[in-house]
Amino acid sequence: MTDDEAPDGVEIPWQKLTPEALQGLLEELVTRDGTDYGEVELSMEDKVARLRKALEEKRAVIAFSPETETWAVRSTD
């Protein structure tokens, strides 16, 4: 659920994004090269649903770096 290449950055509350922007952000993340979900391959819809649930349950946050203009979903663990 994390992207080690993105900086810690500024936390962006997912609730502040439009539904379309959040969906696009999550879809972009799950299609990035190197994103690993374990031994079982999941559909894009399942991956997006898992990320959305993690955000809703505060197990993950969206981080944005103004310096590099990159973002990531980071685990709160």
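Above: the structure in question.
So, a few notes on the structure that sits alongside this text. (Residues numbered from 1 in each chain as written. Predicted model: local features only at pLDDT ≥ 70, side-chain atom pairs only at ≥ 80, totals over all residues. Heavy atoms only, no water.)

**Re the pattern of salt bridges**
The condition is simple: Put simply, a salt bridge is a Lys or Arg side-chain nitrogen that is within 4 Å of an Asp or Glu carboxyl oxygen. The cut-offs for exposure are 20% and 50% of the maximum accessible area for each residue type, with area from a 1.4 Å probe on protein chains only; residues under the lower value are buried, those over the upper are exposed, and the others partly exposed.
The tally for this structure, following the rule as stated, stands at 3 salt bridges. For E28, the salt bridge identified is with R32, shortest N-O distance 3.1 Å. With relative accessibility at 35%, the residue E28 sits in the partly exposed group. Between E57 and R59 there is a salt bridge, with its nearest N and O atoms 2.8 Å apart.

**Comments concerning the pairing of strand 2 (residues 60–65)**
Quick reminder of the rule: Helix and strand labels come from DSSP, where a helix needs a run of H or I of at least four residues and a strand needs a run of E of at least two; each type is numbered from the N terminus. In this scheme, strands are said to pair when DSSP sees at least two bridges between them.
Burial within strand 2 is extensive, with 5 of its 6 residues counted as buried. Both strand 1 (residues 10–12) and strand 2 contribute to a ladder of 3 bridges, which runs antiparallel. Looking at the pairing, V10 lines up with F64 of strand 2. Alignment of strand 2 against strand 3 (residues 70–75), held across 6 bridges, turns out to be antiparallel. Among the inter-strand pairings, V61 is bridged to a residue of strand 3, identified as R74.

**Some thoughts on helix 1 (residues 19–30)**
So the rule is basically this: By this rule the span expected of a helix is its residue count minus one, scaled by 1.5 Å. When we speak of the arc, we mean the arc of directions from the helix axis to the C-beta atoms. Contacts: residue pairs with any heavy atoms within 4.5 Å of one another.
Its 12 residues give helix 1 an end-to-end C-alpha distance of 17 Å, which sits within 8% of 16 Å, the value for a rise of 1.5 Å per residue. Three or more residues of helix 1 are buried, namely L22, L25, L26, L29 and V30. Within helix 1, the buried residues cover an arc of 125 degrees as seen down the axis, which keeps them to one side. Turning to helix 1, the residues buried within the fold contact helix 2 (44–56), strand 2 and strand 3.

**Description of the packing of helix 1 against helix 2**
Where we set the bar: Helix axes are fitted only over the stretch in contact, all axes being lines through C-alpha atoms; the angle between N-to-C directions runs from 0 to 180 degrees. For a crossing to be left-handed, the near helix must be turned anticlockwise from the far one by less than a right angle; the clockwise case is right-handed. Under this grouping Gly is polar, as are all residues other than the nonpolar Ala, Val, Leu, Ile, Met, Phe, Trp, Tyr, Cys and Pro and the charged Asp, Glu, Lys and Arg.
It is the contact of helix 1 with helix 2, at a shortest axis distance of 9 Å, that shows an interaxial angle of 115 degrees. Pair helix 1 / helix 2 crosses with right-handed handedness. Contacts from L22, Q23, L26, E27, L29 and V30 of helix 1 reach helix 2 at M44, K47, V48, L51, R52 and L55. Taken together, the residues that form the contact of helix 1 with helix 2 break down as 8 nonpolar, 1 polar and 3 charged.

**Section: unusual backbone geometry**
At K58, a position not held by glycine, the phi torsion is positive, near 60 degrees. Structurally, K58 can be placed in the loop between helix 2 and strand 2. Judged by relative accessible area, which is 65%, K58 ranks as exposed. For E69, which is not glycine, the phi dihedral falls at a positive 55 degrees.

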